[in-house]
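Results of the structural survey
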Amino acid sequence: MSLVIEVPEVLDHKGFEVLIRDLNRVTRGDVRRVVFNAKHVRWTSPYGMIGLLAAGRVARERTGAAPSIEAPDNRDVRSYWERMDFWHVAPEVYDLEPVPTRAHGTSDALLEITPIRSHHDVHAVVERVRERSAAILLNKLHYPRPSVIQFSVLLSEVCQNIIEHAEADGWVCAQTYNYRERLGRDVVMLAVMDVGIGFEGSLATEHSRRHGERWSAGMALERALLHGESRYRDPGRGQGLQAIRRQVDRWDGELAIRSGDAMIASPTQEWGDLAHMQTGLEIFPGAQILVVMPARPEND
Amino acid sequence: MPTEERPSPMPDIAVASLYQRNLVTRHTGRAVRLSIEGLVSELGATSLTVLDFGDVAVIDFSCADEVVAKLVLRAVDDGAAESQHFFVFRGVAQHHVDPMDCALRRRGLAAAAQGPEGEPFLIGEVDPAAYRLWQAVCQAGHASPDDLATEVGMDPQDCGRLLDRMCARRLLRRDGRAYHSLFYTFAQAERGGNGRGATDSGASGRADTSGRE
């Protein structure tokens, strides 16, 4: 049988939770094919958009068949997906016929959806965002000049998390938004996802025995993000995530990492909607990272 | 690594420019480090390698660990009594410092660096007394513990111990009774013709750091 999954109208980190709740109705053997119906999507964040790729990849693994997807009816959303190269990357996950052509010229995206498969991709991403990030961070977010390089370092470290720990490919993308309702200022949102072994799997060999039955996805996230632990005994490992956390904190931003059935957020801000720790979420493979960097107030 | 009062041989020197705009990813860092280690292995038992960061726009934390921290770690951990390898990081700008400092601190290490204008400083884990002493040596070029003790207002014996500790951490070089800054050593070695590329051919020694395999 085929299963139609309705993609939430607002496809952000909360919409992603709804999406994977429905996806988890698909278990091996009972569903032959999944159709993601995105016709009613009205708004998408970078996290939601690559979340749709991640969900499609999982559907494909569970059914053995590439899922299909119905494009959004909303013209703005469709145009945004085109500009973010969604349709360019989607054929790796979805059965698309015909594959929509790239209609846009120059993109206004900070970073279009980019697959991360090797260190070459990380180099390419760091090189590609240099000019765009300078324009956005300095002019829109009013960050000081060193932030351009600090953003490149952050980008490199979050992408490397996939290569070094996921044992699977992943995606990254970033875009600027006006967070009018919540903050009244622009923000940069950066999302990185994979559907690999996740933090619990990555750290298990080295740390699970020590924690016994208390070992969980939430604890693995805590050990990695708050204590700088990694799957390696080498003390030089595990510093990347801690460095990202410090940097996001200096920018008064938010960092959230979801893995397995847990999501940790640190730092968090009053204007945000991220809880420090959520457990008992829908189980989803790999790691999903969200970074929100707000503009500095004009009078700052 | 114990230091002794006997004269120490002048080190071979090499200058390696890191021909990489983006020193990012652990993979790239590993490739860069291996090529630098190859360069060092061609030098004598005592060597001083200057790594020039002038062309490096971005260095991330993973790459800093692979290149900076692991080179220093191996130089410090090298147990062979007859070999001493030193590193100086040149052209280190403010945006390089955070990843390099963090990578060194995680391993309890420190390294001698020079800013874009040539100003000497230490990065990594160093206590304030050791830092003051190191600065005094840099200012003097080379000095005895007694002179330095007076200069920084420290007990001569404590001063000697701290200087020996900094030699073991490859932040200073000892030659007989005198302690030399690595910058002074470099200038002296260049004058004495100990530089591989620097004096043999008039060009800097180059590590093949095209780390994007």
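Residues numbered from 1 in each chain as written. Chains lettered and ligands numbered in written order. Predicted model: local features only at pLDDT ≥ 70, side-chain atom pairs only at ≥ 80, totals over all residues. Heavy atoms only, no water.

Comments concerning the interface of chain A and chain B
Of the residues lining the interface, 25 residues belong to chain A; the matching set on chain B comes to 25 residues. Buried area between chain A and chain B, both sides added, is near 2200 Å², and the carbon and sulfur share of it is 48%. The three residues of chain A that bury the most area against chain B are His119(A), His123(A) and Gln239(A), which together make up 28% of that side's buried surface. Of the charged contacts in the structure, one is a salt bridge between Arg250(A) and Asp98(B), with a shortest N-O distance of 3.3 Å. Across the chain A-chain B interface, the total number found is 18 residue pairs in polar contact (both at pLDDT 80 or more). (Contact = heavy atoms within 4.5 Å. Buried area = accessible area lost by both parts, 1.4 Å probe. Salt bridge = Lys/Arg side-chain N within 4 Å of Asp/Glu carboxyl O. Polar contact = N/O pair within 3.5 Å; in protein donor to acceptor, adjacent residues only side chain to side chain.)

Considerations on the pattern of salt bridges
Opposite charge on two side chains permits them to pair, given that their charged atoms come into close proximity. Residue and element names in this part refer to chain A. What the rule picks out here adds up to 32 salt bridges over all chains. For Asp 95, the salt bridge is made with Arg 33, and the minimal N-O distance between the two is 2.8 Å. Here Asp 95, found in the loop between helix H4 (86-89) and strand S6 (111-116), pairs with Arg 33, found in strand S3 (residues 33-37); they are 62 residues apart in sequence, far enough to count as distant. The class for Asp 95 is partly exposed, based on a relative accessible area of 36%. By relative accessible area, which is 28% here, Arg 33 ends up partly exposed. Across the salt bridge formed by Arg 231 and Glu 167, the nearest N and O atoms sit 2.6 Å from each other. (Helix = DSSP H or I, 4+ residues; strand = E, 2+ residues; numbered from the N terminus. Buried < 20%, exposed > 50% of the residue type's maximum accessible area, 1.4 Å probe, protein only.)

With respect to the state of the cysteines
Residues and elements named next belong to chain B. On inspection of all chains with the given rule, the structure shows 0 disulfides over all chains. Its sulfur unpaired, Cys 138 is 12 Å from the next cysteine sulfur, which belongs to Cys 167. When its relative accessible area of 19% is taken as the criterion, Cys 138 is described as buried. (Disulfide = S-S within 2.5 Å.)

Notes on the environment of Gly124(B)
All names here are of chain B. Within the element layout of this structure, Gly 124 appears in strand S7 (residues 120-124). When the C-alpha atoms of Gly 124 and Arg 105 are compared, they prove to be 4.9 Å apart, with 19 residues separating the residues in sequence. Dropping the residues within four chain positions of it, Gly 124 is found in contact with Asp 101, Leu 104, Arg 105, Leu 109 and Ala 110.

A word on the sheet that holds S3(A)
Residues and elements named next belong to chain A. Pairing in this open sheet of 3 strands is parallel, and the strands run S1-S3-S5 from one edge to the other. What marks the edges here is a single partner per strand, and that holds for strand S1 (2-6) and strand S5 (68-70). The sheet shows a mean angle of 20° between the axes of neighbouring strands, direction not considered. Bridging between S1 and S3 involves 5 bridges; their strand directions are parallel. Pairing of Leu 3 across the sheet is with Val 34, part of S3. The sheet strands contacting helix H1 (residues 13-23) are S1 and S3, and the helix crosses S1 at an angle near 165°. (Pairing = 2+ DSSP bridges. Axes fitted to C-alpha atoms, helices over the stretch in contact; angles between N-to-C directions.)

Brief notes about the packing of aromatic side chains
Applying the stated criterion across every chain yields a total of 13 aromatic pairs over all chains. Where Phe16(A) meets Phe284(A), the ring centres are 5.3 Å apart and the plane angle is 85°; that geometry is what we call edge-to-face. On the criterion of sequence distance, the pair formed by Phe16(A) in helix H1 and Phe284(A) in strand S12 (residues 284-294) is long-range, its members being 268 residues apart. According to the relative accessible area criterion, Phe16(A) is buried, its value standing at 0%. Their ring planes at 50° and their centres at 4.6 Å tell us that Trp81(A) and Phe86(A) sit as a pair that is tilted. Note that Arg237(A) overlies the ring of Tyr232(A), its terminal NZ or CZ placed 4.0 Å from the centroid. We note Arg170(B) situated over the ring of Phe86(B); from NZ or CZ to the ring centre the distance is 5.5 Å. (Phe/Tyr/Trp six-rings, centres within 6.5 Å; stacked < 30°, edge-to-face > 60°. Lys NZ or Arg CZ within 6 Å of the ring centre and 35° of its normal.)

So, the environment of Ile136(A)
Mapped onto the secondary structure, Ile136(A) falls in helix H5 (residues 119-140). Excluding its chain neighbours within four sequence positions, the residues that come into contact with Ile136(A) are Leu110(A), Leu141(A), Thr176(A) and Val188(A).

Quick word on the sheet that holds strand S9 (residues 172-175) of chain B
All names here are of chain B. If you walk across this open sheet you meet the 3 strands as S8-S10-S9, and the pairing is antiparallel. Two strands lie at the open edges of the sheet, namely strand S8 (142-143) and S9, each paired on one side alone. Across 4 bridges, S9 lies against strand S10 (residues 178-181) in antiparallel orientation. Among the inter-strand pairings, Leu 172 is bridged to a residue of S10, identified as Ser 181.

As for the domain arrangement of chain A
All names here are of chain A. Entries for chain A in the domain assignment read domain 1 (1-97) and domain 2 (106-300). Put simply, the middle of domain 1 and the middle of domain 2, counted by C-alpha atoms, are 22 Å apart. At the junction of the two partners, domain 1 supplies 30 residues and domain 2 supplies 32 residues. With both sides pooled, the region where domain 1 packs onto domain 2 buries about 2600 Å², and carbon together with sulfur makes up 68% of that total. Summed over the three residues of domain 1 that lose the most area to domain 2, namely Tyr 47, Ile 50 and Met 84, the buried surface amounts to 25% of that side. (Domains from an automatic or database assignment.)

Focus on the confidence of the model for chain B
With 86% of its residues at a pLDDT of 70 or more, chain B has an overall mean of 87. Taken over the whole predicted complex, pTM reads 0.90, whereas the ipTM for its chain interfaces reads 0.90. (pLDDT = per-residue confidence, 0-100.)

Here's the deal with the pairing of S3(A)
Every other side chain in a regular strand lies on the same face of the sheet, so the side chains alternate between the two faces. Residue and element names in this part refer to chain A. Counting buried residues in S3 gives 4 out of 5 residues, a clear majority hidden from the surface. Relative to S5, S3 runs parallel, the two being bridged by 3 bridges. Bridge assignment links Val 35 to a residue of S5, and that residue is Ser 68.

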